Amino acid sequence: MDFMKKYKWIIGLLILVCLALLVRYGLKFYNKSQQKRIKSEFVFTDLINLGCTSVKNQGASNTCWSYTGNSFLESEMIRMGKKPMEISQIYTARQAYLEKARTFVRLHGGLSMKEGGQLHDVLNTYRKYGAMPRSAYSGLRGKATYNDFRELTPALNTMLKVLVKNKRLTSNWERAYIATMDAYLGEMPAQFNYEGKMYTPRTFADQFIGINPDDYVGLASVTDHSYYKPFVLLVPDNWSFDRFYNVQMEDLTTVIDQALEKGFTVAWTTDVSDPGFSWNYGIAYVPEKSIDQMTANEKDAMFVKPQREKKVSAADRQAAFDNWETTDDHAMHIVGLAKDQQGKEYYRVKNSWGKSNEYRGYLYVSKEFVRFKTLTLIVHKAGLSPDFRLKLGLS
């Protein structure tokens, strides 16, 4: 009894801790069981499922454009009857970063130096520098298992800001910039062995991969430029000021449909900050109501089962782009077409965030979402119909 009195405050504290743990983990278990009960009711049936390599994880690096662009090239190799392989995403990224740094310096610092890029950066890098297999250059140091640019990017950007602030360039700034990338990503081999044969990045691109970067076409859709003419899309990640053919909103899905039917996959940049996009559920569509108009039950059901969509106009699309509701924030790879249990069609899209969602790294995106939220497309010109190529003035 004396023991109980002496240590009752300790006993009371232990009881409180136990209660807290019970509440915490009991609620956690309850929430987990609730999640199982509200599992998605979507049922997808593949209509077109084109060849692609396995899902990758870009890690803590904003290099989705390189992962997507190289996944696209890997599918092109499969389409051409070549052996599937993984192209080094980080070789592409670091060569693009060097080109971006040169542009930054030439513009006296007047350029966004974030990690993002556009899909044509992969083609431009391939054209100028070639490519490597990931087995020859992964960009990983030591025991690292995923790319992490959280130190590298600030270090590179600080160097460039100091450089342009000095007003006079030193002759060896590029060597210092490259040395910093080497320190974080490892030095790039001048030659490497792949399947028993020695290559350089140039010979590997030309002899093993064998695509022609000039065969690919970039498309975008805005209302303030002439249709079916090339224009410079003014988004921060288009740091190279490349041009895209301007097409009408309805053309975006028509082009994708025709390409998929011919066996061509499509590289895609889009906005994933939209409320109609859910990575966890693996669904993207355009809700009929805005989020602030939905009831709690409607919000809960958003991605659980097929919903009605809003019909988007070209004016809606342009307004969302102009007021920054649609932003250029992610790239993914369209590799197929499917339908849900109600017969509605969705694109099957390969992502680069690992296999952490409902569909093991893929998601299903409605055609309305693609019309509304597409920034750019890259497709082989042979995937376009003859009439559409004629509209663009392509041979």
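Figured I'd write up the structure that's included with this text. Computed from a prediction, not measured in an experiment: that's the story for all the values here. (Residues numbered from 1 in each chain as written. Predicted model: local features only at pLDDT ≥ 70, side-chain atom pairs only at ≥ 80, totals over all residues. Heavy atoms only, no water.)

Overview of the layout of surface pockets
Here is step 1: As a volume, the largest pocket reaches approximately 590 Å³.
Here is step 2: Looking at the lining of the largest pocket, the elements with two or more residues in it are helix H3 (64-79), helix H11 (314-322) and strand S10 (330-339).
Here is step 3: Across the lining of the largest pocket, the residue classes break down as 9 nonpolar, 9 polar and 6 charged.
Here is step 4: Lining the second largest pocket are 19 residues, and of these Asp274, Val286, Ser290, Lys310 and Phe372 lie nearest its centre.
Here is step 5: Within the residue set of the lining of the second largest pocket, elements represented by two or more residues are H11 and helix H12 (367-373).
Here is step 6: When residues in the lining of the second largest pocket are grouped by element, the largest group, 3 residues, is from H11.
Here is step 7: The class makeup of the residues in the lining of the second largest pocket is 8 nonpolar, 4 polar and 7 charged. (1 Å grid on protein atoms, 1.4 Å probe; cavity = no way out; pocket = protein on both sides within 12 Å on 5 of 7 lines; lining within 4 Å. Points joined across faces, edges and corners; volume = space filled by probe spheres on them. Helix = DSSP H or I, 4+ residues; strand = E, 2+ residues; numbered from the N terminus. Nonpolar A, V, L, I, M, F, W, Y, C, P; charged D, E, K, R; others polar.)

A look at helix H8 (residues 201-209)
The α-helix winds at 3.6 residues per turn, so residues separated by three or four positions along the chain end up facing the same way.
Here is step 1: Buried residues of H8: Pro201, Phe204, Ala205, Phe208 and Ile209, and no others. Take H8 and look down its axis: the buried residues cluster within an arc of 110°, on one side only.
Here is step 2: Along its buried surface, H8 packs onto H3, helix H4 (89-106), helix H5 (120-129), strand S2 (192-194) and strand S3 (197-199).
Here is step 3: A positive backbone phi angle near 75° is found at Gly210, which sits one or two residues after H8. (Buried < 20%, exposed > 50% of the residue type's maximum accessible area, 1.4 Å probe, protein only. Arc of directions from axis to C-beta. Contact = heavy atoms within 4.5 Å.)

What to know about the pattern of salt bridges
Here is step 1: By the definition in use, this model includes 18 salt bridges.
Here is step 2: Of the charged contacts in the structure, one is a salt bridge between Glu99 and Arg102, with a shortest N-O distance of 2.6 Å. Highlighted residues: Glu99 and Arg102, both in helix H4, separated by 3 residues, approximately one helical turn.
Here is step 3: The exposure class assigned to Arg102 is buried, which follows from its relative accessible area of 17%.
Here is step 4: Measuring nitrogen to oxygen at the nearest pair gives 3.3 Å for the salt bridge that ties Lys373 to Asp274. Highlighted residues: Lys373 in helix H12 and Asp274 in the loop between strand S7 (266-270) and strand S8 (277-278), separated in sequence by 99 residues. In this pair, the class of Lys373 matches that of Asp274, namely buried. (Salt bridge = Lys/Arg side-chain N within 4 Å of Asp/Glu carboxyl O.)

Some details on the packing of H4 against helix H6 (residues 152-165)
Here is step 1: Orientation of H4 relative to H6, taken along the N-to-C sense of each, is 25°, at an axis distance of 10 Å. In terms of axis orientation, H4 runs roughly parallel to H6. Classified by chirality, the crossing of H6 by H4 is right-handed. On H6, the residues touching Ala101, Phe104 and Val105 of H4 are Leu160, Lys161, Leu163 and Val164. (Axes fitted to C-alpha atoms, helices over the stretch in contact; angles between N-to-C directions. Parallel < 35°, antiparallel > 145°, perpendicular 65-115°, else oblique. Left-handed = near helix turned anticlockwise from the far one by under 90°.)

Thoughts on empty space enclosed by the protein
Here is step 1: Here the structure, examined in full by the defined rule, presents 6 cavities of 30 Å³ or more.
Here is step 2: The calculated volume of the largest cavity comes to roughly 90 Å³.

Section: the pairing of strand S12 (residues 362-366)
Here is step 1: Burial within S12 is extensive, with 5 of its 5 residues counted as buried.
Here is step 2: With burial as the criterion, each face of S12 is covered, one bearing Tyr362, Tyr364 and Ser366 and the other bearing Leu363 and Val365.
Here is step 3: Here strand S9 (residues 283-284) runs beside S12; their pairing, made up of 2 bridges, is parallel. From the neighbouring strand, Ala284 faces S12, where its bridge partner is Val365.
Here is step 4: Pairing of strand S11 (residues 345-350) with S12 involves 5 bridges; the strand directions are antiparallel. Across the sheet, residue Tyr347 finds its bridge partner in S12, namely Val365. (Pairing = 2+ DSSP bridges.)

What to know about the nonpolar core
Here is step 1: Core analysis: the biggest nonpolar cluster contains 48 residues, and Leu73, Leu160, Tyr177, Met181, Phe204 and Ile209 have the highest contact counts within it.
Here is step 2: Mapped onto this core, the elements with two or more residues apiece are H3, H4, H5, H6, helix H7 (173-185), S2 and H8.
Here is step 3: For this core, the element with the most residues is H4, which contributes 9 residues.
Here is step 4: The residues contacting Leu73, other than those within four sequence positions of it, are Ile87, Val122, Leu123, Tyr126 and Ile211.
Here is step 5: With 38 residues, the next largest nonpolar core counts Ile48, Leu219, Ile256 and Phe277 among its residues. (Core = buried A, V, L, I, M, F, W, Y, C linked by side-chain atoms within 4.5 Å.)

Honestly, it's all geometry; don't read function into it.
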